[in-house]
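# A closer look at the structure
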Amino acid sequence: MMPLKVQSLAVSFPGLATPVLSIANLEIAAGSRVALTGGSGSGKSTLLNIIAGLERVGSGHVVWGGQDIARLSEGRRDRWRAENVGLVMQDFHLFAGLSALDNVLLPARLSRVSTPDLVKRAHELIETVGLKRTGQPVETMSRGEMQRVAIARALLRKPGVIIADEPTASLDVENGEAVGDLLLSVAAGAGSTLVVATHDQRMIERLDRRIVLRGGCIVGDDVVGKVPV
Amino acid sequence: MIRFIIADLRRLWLGCAVVVLLVALATALGVAVTLQERSLRLGSARAADKFDLVIGASGSETQLILSSIFLQPAPLPLVDGELLSKLAADPRVAWAAPVGFGDSFAGYPIVGTTTTLVTSTTPGFGEGRLFAAEGEAVLGASVTLPVGAVVKPMHGTAETGGPTHTDIAYKVVGKLKPTGTPWDRAILVPIQAVWHVHGLGDEPEHEDGGTEPAATVASATHDEDHHHGGIDPDAPIVEDFGADTPGLPAILVKPKSIADAYRLRQAYRGNGTVAVFPGEVLTGLYATLGDAKMVLSAVAAGSQALVAAALVLVTVIHVGQRRRQIGALRAFGAPRVAVFLIVWLELLLLVALGIGLGFVCGLLAAQFGAHLFTAKSGVILPVGFTRDDVRLALFLLGFAAVLSAVPALLAYRQSPAQALRS
Ligand SMILES: Nc1ncnc2c1ncn2[C@@H]1O[C@H](COP(=O)(O)OP(=O)(O)O)[C@@H](O)[C@H]1O
Ligand SMILES: [Mg+2]
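Residues numbered from 1 in each chain as written. Chains lettered and ligands numbered in written order. Predicted model: local features only at pLDDT ≥ 70, side-chain atom pairs only at ≥ 80, totals over all residues. Heavy atoms only, no water.

On to the packing of aromatic side chains, then. Inspection of every chain in the model, using the stated rule, returns eight aromatic pairs over all chains. Look at A:W64 and A:W80: their rings are 6.4 Å apart centre to centre, the planes differ by 35 degrees, and that puts the pair in the tilted class. Highlighted residues: A:W64 in strand β4 (residues 59-64) and A:W80 in helix α2 (residues 74-84), separated in sequence by 16 residues. With relative accessibility at 1%, the residue A:W64 sits in the buried group. Ring geometry for A:F95 and B:F4: centres 5.4 Å apart, planes at 80 degrees, overall edge-to-face. Here A:F95 is found in the loop between β6 (85-88) and α3 (100-110), whereas its partner B:F4 is found in helix α1 (residues 2-11) on a different chain. The class of A:F95 is buried, set by a relative accessible area of 5%. An aromatic cluster is built from B:F340, B:W344 and B:Y412, whose rings are joined through pairwise contacts. (Phe/Tyr/Trp six-rings, centres within 6.5 Å; stacked < 30°, edge-to-face > 60°. Helix = DSSP H or I, 4+ residues; strand = E, 2+ residues; numbered from the N terminus. Buried < 20%, exposed > 50% of the residue type's maximum accessible area, 1.4 Å probe, protein only.)

Where interface size is quoted, it is often the accessible area lost as the parts come together. Residue and element names in this part refer to chain B. Under the domain assignment used here, chain B contains domain 1 (2-45 + 285-421) and domain 2 (53-276). Between the C-alpha centres of domain 1 and domain 2 the distance comes to 52 Å. Contacts between domain 1 and domain 2 engage nine residues on the former and seven residues on the latter. Both faces combined, the contact of domain 1 with domain 2 buries some 560 Å², and carbon together with sulfur accounts for 65% of it. The largest share of the area that domain 1 buries against domain 2 comes from L285, G378 and V379, three residues that together contribute 49% of it. Summed over the shared surface of domain 1 and domain 2, the result is zero salt bridges. Between the two partners, domain 1 and domain 2, sit two residue pairs in polar contact (both at pLDDT 80 or more). Here the side of domain 1 that touches domain 2 takes four residues from helix α10 (residues 336-377), the largest share from any one element. Residue composition of the side of domain 1 that touches domain 2, grouped by class: four nonpolar, four polar and one charged. (Domains from an automatic or database assignment. Contact = heavy atoms within 4.5 Å. Buried area = accessible area lost by both parts, 1.4 Å probe. Salt bridge = Lys/Arg side-chain N within 4 Å of Asp/Glu carboxyl O. Polar contact = N/O pair within 3.5 Å; in protein donor to acceptor, adjacent residues only side chain to side chain. Nonpolar A, V, L, I, M, F, W, Y, C, P; charged D, E, K, R; others polar.)

Here is the structure:
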C-alpha cells in the first residue's frame, strides 16, 4: 500500500520538440485502483514506466510513500522496483524454456532473495491465478494462461503497487475478462495500489478512478461512472 | 541463474553449437601444431638416444644421421673399412659397430650390423634369439613377419624397386622388443652377410674379383651386375674386422665417457671423415622445425583471432536481438549484475566448452598424425600435454572471459524501458 505523488513532471525524448509527458500534479491514494486511458501515443506507457521506475526522470518528482524515485540511482531504482512494484505487460515477457514456477520465481532468484517460503508462495499464487500445473513450460501455454503466470510473478514479493500496461489487450474477450477480474481481485486481496493502462471498457468501469491522457497531459480525472465514455 | 542459462542455451542450441565448433576448430588447430612439433622433437631425440657418436665419410652430417639413425634410404659415401679396426682398438671406445644398408624386404630396410650393436642398443628379445650364422636375421618389433620366415633381400627399397638377389635368403631367428625407434622397422642381419651378398669382403664365392672396392652397399647408382655375391647360410659370424674390411657408410661408436666422446669427435673430424653427435644434428633440424612451427602457429593464431572477432560480432548482434528479453529481466526485478553475469556466463560457457573440445580434438589429431608418422618411420612420437598447455588453456579462458564481457557490458547498460518498448 503506497500513495503516489507526482509533481512538475516533464518527460521528453531527444529529437522531439514537445515533451511526451508533462504533468504538473498527480496524486494517487494508497490502495486505490486507477485506470489510465487515452489514445494510442498519448503517453500512457511513458507515465507507467516513469512511476514504475523503469525510465529515468528528467525533471520533476515521483514520490512513492515518501521515497522520491526520481532521485534514486539506476541500481537503487531497480532494487526499489523489485521490492515494491509488480509489473504486468501486454506481451507477458515470460521466459521460454522455463516452467511456470521458474518464471514466477526467476526475478527473485536472480536477486538472490528466494527462500523456501517464497517458493511456497509461488506455488500458492499459481494456484490462485487458476493454473494447475506449476511445472508446465510456459511456451506450451495459451495466451490467457501466460498472462496468469505473469500476474503470479507480479504478486510474488507482495508489491505495494501493481502496474499493468494494457494487460488484456492481447487476449480474446473471454480471457481478457477473466484476467481483468483476476487482476482486480488479487490487487484487492493484497491491498496493493493498482494502476492499469487500458482500453478495456469493462475493466475501466470496475476501477475506482479514471485518468485520461492526451498528448502527454491529463485531460480528465474522475471517479468512474460520472465521465461519459 | 544456472537454470535460466541452460534453458536459454537449449533454446538457441544451433547457434551455440556453431559457436562451440568454431572455437573448438580454432583451438584444435593451434593445439595440434604445438603437440605435433613437441612430440616430433621428443620422439626424434629418443630415437637418437642410444647412438652417442656416428662416424662416416665426410659429406652431409644430416644425411649421415638420417640414414644411420632414422634409416632413411639414401646413398652415403663410404669410409675406409680399416677405420673400424682402428676404432675398435681405441682405448676411448667402448664398442664400435659398422652398419650397412641398401637392401630391403617387403618394405623393411635390411641393416647389416654386429651382435655387439644389437645387444647394446636394444632391450632384448621378445621372441627367439640373436643371429648366430651368416644366413640368419633378426626382426625389429614392428616388422610384421613371424620368426622362422624367410627373407629374400631386394636391392634398393620397395619404391626404387631393384631386383631381388634371387638365390639369397635369410632365415628369421628372433624378434626384438620395441625400442620406439626406426630400428623397430628394420631387419637386422650380420654385416658380413651384406658384404657377401654384394660381392664384397673375403667371401669364398667371389665372382668379380672385388674390382670395385668402393662399390657402395648404400648407393643406388652402382651397376647391379657386378656383385652377384652369395652367402653361406651356415657360416659362423666373424666380427674381428681386419684391414680388408670393405668400405662402410657409417660406424656407430659408444665412447667410454662423455669426455672421450668429445675427444673422439675431435679426433675423427677431417681427413675424409666426420664424427657427429646425433643430438647436434637434431638441434639443427629442430631450428628448421621451429620455423615451420612458427608459420603454422601464425596461421593458427590468425584463425583464432578471426574466430574471436567473429564471436564478438555475433554476440553483439545477438545481444541487440535479445534487448527485449534482457530488458524484461531487469524490469521484473533482476539486478543489473545478474543480467551482466547471465550474458557473460552464457558466452564464456560456450567458449570454454569450445576450448575444451578443441584441446581434445587437437590431442586426437596430433595422436593420429603421430600414429601415421610412426607407421611410416618407426619413430614413436610421445604426444601429450605439459604444463605449458595448461598455461595456454588458462590464457585462452582468460581471453574469452574478457571478450565475453563486451556483450555483457552492452546488456548491462541497456535501459529496461527502451528494451520493453521495441
Ligand atoms: N524512446 C522514445 N523516443 C522517442 N519517442 C518516444 C520514445 N518512447 C515513446 N515515445 C513517444 O512518446 C509518445 C507516447 O508514447 P507511449 O507512452 O508509448 O503512448 P501510449 O502508451 O499511450 O500509446 C509517442 O508519441 C511515442 O512515439
Ligand atoms: Mg502503450
